[in-house]
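Below are the chains, spelled out letter by letter.
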Amino acid sequence: MAKALRVDPRDCVATLLHDALAGEVVTIGEDALVLNADIGRGHKVALAPIAAGEPVVKYGFPIGTATQPIAPGTHVHSHNLKTGLEGTLAYRFDPVDTASAPGASAATFEGYVRADGSVGTRNEIWILSTVGCVARTAERIATKAAALVVDSVDGVHAFTHPHGCSQLGQDLEGTRTIMASLACHPNAGGVLIVGLGCEENQIKALLATIPESRHGMIRTLTTQVSGDEIAEGCALVAELAALAKASRQTVGVDKLVLGVKCGGSDGLSGLTANPLVGRMSDRVTAAGGRVLATEIPEIFGAEQMLMNRAASEPVFDRIVAVVNDFKRYFLDHGETVSENPSPGNVVGGITTLEEKSLGAVQKAGRAAVADVIDYGARVRIDGLTLLEAPGNDAVSSTALAAAGATAILFTTGRGTPLGFPVPTIKIASNTDLATRKPGWIDFDAGAVLEDGFPATEEALFTRIMQIASGAETAAERNGEREIAIWKRGVTL
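Quantities reported herein were computed from a predicted structural model and do not represent experimental measurements.

Undergrad: Is there a simple way to think about the packing of helix H2 (residues 169-183) against helix H10 (residues 393-403) in this case?
TA: Any two packed helices are characterised by the angle at which their axes cross and by the distance between the axes. Interhelical geometry of H2 versus H10 gives an angle of 50 degrees and a closest axis separation of 7 Å. Here H2 lies oblique to H10, going by the angle between them. Contacts from Ile 178, Ser 181 and Leu 182 in H2 reach Thr 398, Ala 399, Ala 401 and Ala 402 in H10.

Undergrad: I'm lost on the sheet that holds strand S16 (residues 249-252) in this one. Help?
TA: One open sheet accounts for three strands, arranged S11-S10-S16; its pairing is antiparallel. In the strand order of this sheet, the two ends are held by strand S11 (119-120) and S16, each with one partner. Across two bridges, the pairing between strand S10 (residues 108-113) and S11 is antiparallel. When the sheet's bridge partners are listed, Val 113 is paired in S11 with Val 119.

Undergrad: What's the story with the pairing of strand S22 (residues 424-428) in this structure? I'm lost.
TA: Looking down a regular strand, the side chains alternate between one sheet face and the other. For S22, the buried fraction is high: five of the five residues fall into the buried class. Judged by which residues are buried, S22 turns out to be covered on both faces: Thr 424, Lys 426 and Ala 428 on one side and Ile 425 and Ile 427 on the other are all buried. Bridging between S22 and strand S23 (residues 443-444) involves two bridges; their strand directions are parallel. Residue pairing across strands places Ala 428 opposite Asp 444, the latter belonging to S23. Since S22 and S23 lie parallel, the crossover through helix H11 (residues 431-436) that links them has a hand, and here it is right-handed.

Undergrad: Could you clarify how one ought to interpret the packing of helix H5 (residues 273-286) against helix H13 (residues 453-468) in this entry?
TA: Running from N to C, H5 and H13 cross one another at 60 degrees; their axes reach a closest spacing of 10 Å. With respect to H13, the axis of H5 lies oblique. Handedness of the H5/H13 crossing: right-handed. Mapping the contact onto sequence places Pro 275, Leu 276, Arg 279, Met 280 and Arg 283 in H5 and Phe 453, Thr 456, Glu 457, Glu 458, Leu 460, Phe 461 and Ile 464 in H13. The residue makeup of the contact of H5 with H13, split by class, is seven nonpolar, one polar and four charged.

Undergrad: Any chance you could explain H2 here in plain terms?
TA: Since one α-helical turn is 3.6 residues long, residues separated by three or four positions face the same way. Helix length check: H2, at 15 residues, gives a terminal C-alpha distance of 21 Å against a target of 21 Å (1.5 Å per residue), a fit within 8%. Counting buried positions along H2 yields 11 of 15 residues, so the element is predominantly enclosed. Next to the buried residues of H2 lie strand S12 (124-129), strand S13 (155-159), strand S14 (188-195), helix H3 (203-208), strand S15 (218-222) and H10.

Undergrad: Help me out: how do you make sense of a nonpolar patch on the surface in this one?
TA: Residues Met 1, Val 25 and Val 34 make up a contiguous nonpolar surface patch of about 300 Å² in total accessible area. Looking at the secondary structure, you find Val 25 in strand S3 (residues 25-28). Given a relative accessible area of 32%, Val 25 falls into the partly exposed group.

Undergrad: Whenever I open this one, the pairing of strand S17 (residues 257-262) confuses me. Can you help?
TA: S17 sits mainly inside the fold: six of its six residues count as buried. Of the two faces of S17, the one holding Val 257, Gly 259 and Lys 261 and the one holding Leu 258, Val 260 and Cys 262 are both buried throughout. Sheet topology note: the S17/strand S18 (residues 290-293) ladder contains four bridges and is parallel. The residue of S18 that forms the bridge with Leu 258 is Val 291. With H5 bridging S17 and its parallel neighbour S18, the resulting β-α-β unit is right-handed. For S17 and strand S21 (residues 407-412), the ladder comprises five bridges, and the chain directions are parallel. Bridge pairing in S21 links Lys 261 to Phe 410.

Undergrad: Looking at this model, I keep getting lost on the pattern of salt bridges. Mind explaining?
TA: Between side chains of opposite charge, pairing is possible as soon as their charged atoms come close. What the rule picks out here adds up to 25 salt bridges. With its nearest N and O atoms 2.8 Å apart, the salt bridge here joins Arg 10 to Asp 8. Given the relative accessible area of 54%, Arg 10 is considered exposed. Take Asp 8: its relative accessible area is 15%, and that puts it in the buried class.

Undergrad: Looking at this model, I keep getting lost on the environment of Thr 351. Mind explaining?
TA: Here Thr 351 is to be found in the loop between helix H8 (343-347) and helix H9 (353-360). Polar side-chain contacts of Thr 351 include one of 2.7 Å to the side chain of Lys 44.

Undergrad: Can you walk me through helix H1 (residues 135-148) in this structure?
TA: In a regular helix each residue adds 1.5 Å, so 14 residues correspond to 20 Å; H1 covers 21 Å between its end C-alpha atoms and thus fits that length. Along its buried surface, H1 packs onto S12, S13, S14, S15 and helix H4 (229-244).

Undergrad: What is the right way to look at the packing of aromatic side chains in this model?
TA: Aromatic ring pairs are reported here in terms of the distance separating the ring centres and the angle at which the planes meet. For the structure shown, the criterion picks out 10 aromatic pairs. Joined through ring pairs, the aromatic side chains of Phe 300, Phe 326, Tyr 329, Phe 330, Tyr 375 and Trp 486 make up one cluster. The positively charged end of Lys 327 is found above the aromatic ring belonging to Phe 300, 5.2 Å away from the centroid. Lying across the ring of Trp 440, Lys 437 places its NZ or CZ 4.0 Å from the centre.

About the cut-offs
Residues numbered from 1 in each chain as written. Predicted model: local features only at pLDDT ≥ 70, side-chain atom pairs only at ≥ 80, totals over all residues. Heavy atoms only, no water. Axes fitted to C-alpha atoms, helices over the stretch in contact; angles between N-to-C directions. Helix = DSSP H or I, 4+ residues; strand = E, 2+ residues; numbered from the N terminus. Parallel < 35°, antiparallel > 145°, perpendicular 65-115°, else oblique. Contact = heavy atoms within 4.5 Å. Pairing = 2+ DSSP bridges. Buried < 20%, exposed > 50% of the residue type's maximum accessible area, 1.4 Å probe, protein only. Right-handed = clockwise from strand over helix to strand, strands pointing away. Left-handed = near helix turned anticlockwise from the far one by under 90°. Nonpolar A, V, L, I, M, F, W, Y, C, P; charged D, E, K, R; others polar. Expected span 1.5 Å × (residues − 1). Patch = residues over 30% accessible without salt bridge, like charges linked within 9 Å, V, L, I, M, F, W, Y side chains within 5 Å. Areas by Shrake-Rupley, 256 points an atom, 1.4 Å probe, with all protein chains shown as cover. Salt bridge = Lys/Arg side-chain N within 4 Å of Asp/Glu carboxyl O. Polar contact = N/O pair within 3.5 Å; in protein donor to acceptor, adjacent residues only side chain to side chain. Phe/Tyr/Trp six-rings, centres within 6.5 Å; stacked < 30°, edge-to-face > 60°. Lys NZ or Arg CZ within 6 Å of the ring centre and 35° of its normal.

The structure is reproduced here in structure tokens:
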């Protein structure tokens, strides 16, 4: 007999935990329902009659409006449910109680303590290219230099992109800011900046945006004036590796900076993986650590929940501004604010952006939103920070890393091989994905449905501490390390 899960007593739909056929009896807690259509895992079934024009409720909140009468046992999806989202809104600050204040935690991990007090989960040499013209050059230096310094650091990695030239104003500033923030990351024991020489993103201007206290662990290479850029680059990496040599030390979980992200979601993401990650967020913030949440377009429809958790009215005002600015960004480009669930999301059972958002915001746990920072900025205070960035997996995860996340918890119901500059821990929303793609997935959150949250929470927290202490993620084993920069403005 198939099962379905009703998240909130107010819900008029439940989510199927297994594929089920028309005529099959599905249990929802102590209740049972006969399906009148085939319904896939992660998709929704109506629990009671829903009239055309009435709100459809999941997670205790409307996820859209019925476009036709819906009978109990009916599949609820794109054919009979539409979004209720439109343009920008006026919001009112209505504070709610949030998670408990920071307290002591016995949890520890083995990290690299830096001079400024930050702690890295890796000790690597990062090679950053100023411009796409030297992307392959940076990669060649990384490949050759890695073999020379293998005993000194955890790795040598090049992070390249196609930008840095033919950019103006805010567009160029965004590229430069992201590169500067990556150059300050605690996982980078040393940084080699590789430039061409004639690009808009000049090395001198880039260095001017990096604190001078960091310059001692940065070297630069301008390839147009180098006789042998590969040999010179390798020598500079060897120099940095000798300076960066360090040992792990035992530190508290308060020194961890988590980034939280979801991509390729399905109908179970908001029931298993995302709330599980929310519990990790609460553990870290309660211990005095830092958590970064982003994907601003993926909170549309659930933004009031985060706004009501603002630590102060100025923080509330900043959340309102970043949300409405993003909505205007969509509208100014002739796009609706509701066009977000990807084809994979829809196949997985997510119908509207409201539904996706209500599931996605759970990754941020229940703590107060302590701060809001711009795209490319670095985290500055303890607690939960909201980071301005789009929903795109690569762009937002790069922004999380640049902001200072030393590990990223990445939930997925569909699967992806992508990895980013910092350890990217892939958490499957369902056991089928975890079983089929063990080369991509680090943790099976589908275990929540069998083992419950407490046991699964402990297992995930233990795994995060292991990875923070040096255990490889699947993406690291596969050599999946990418960055992507948010492209805005004209190209010359």
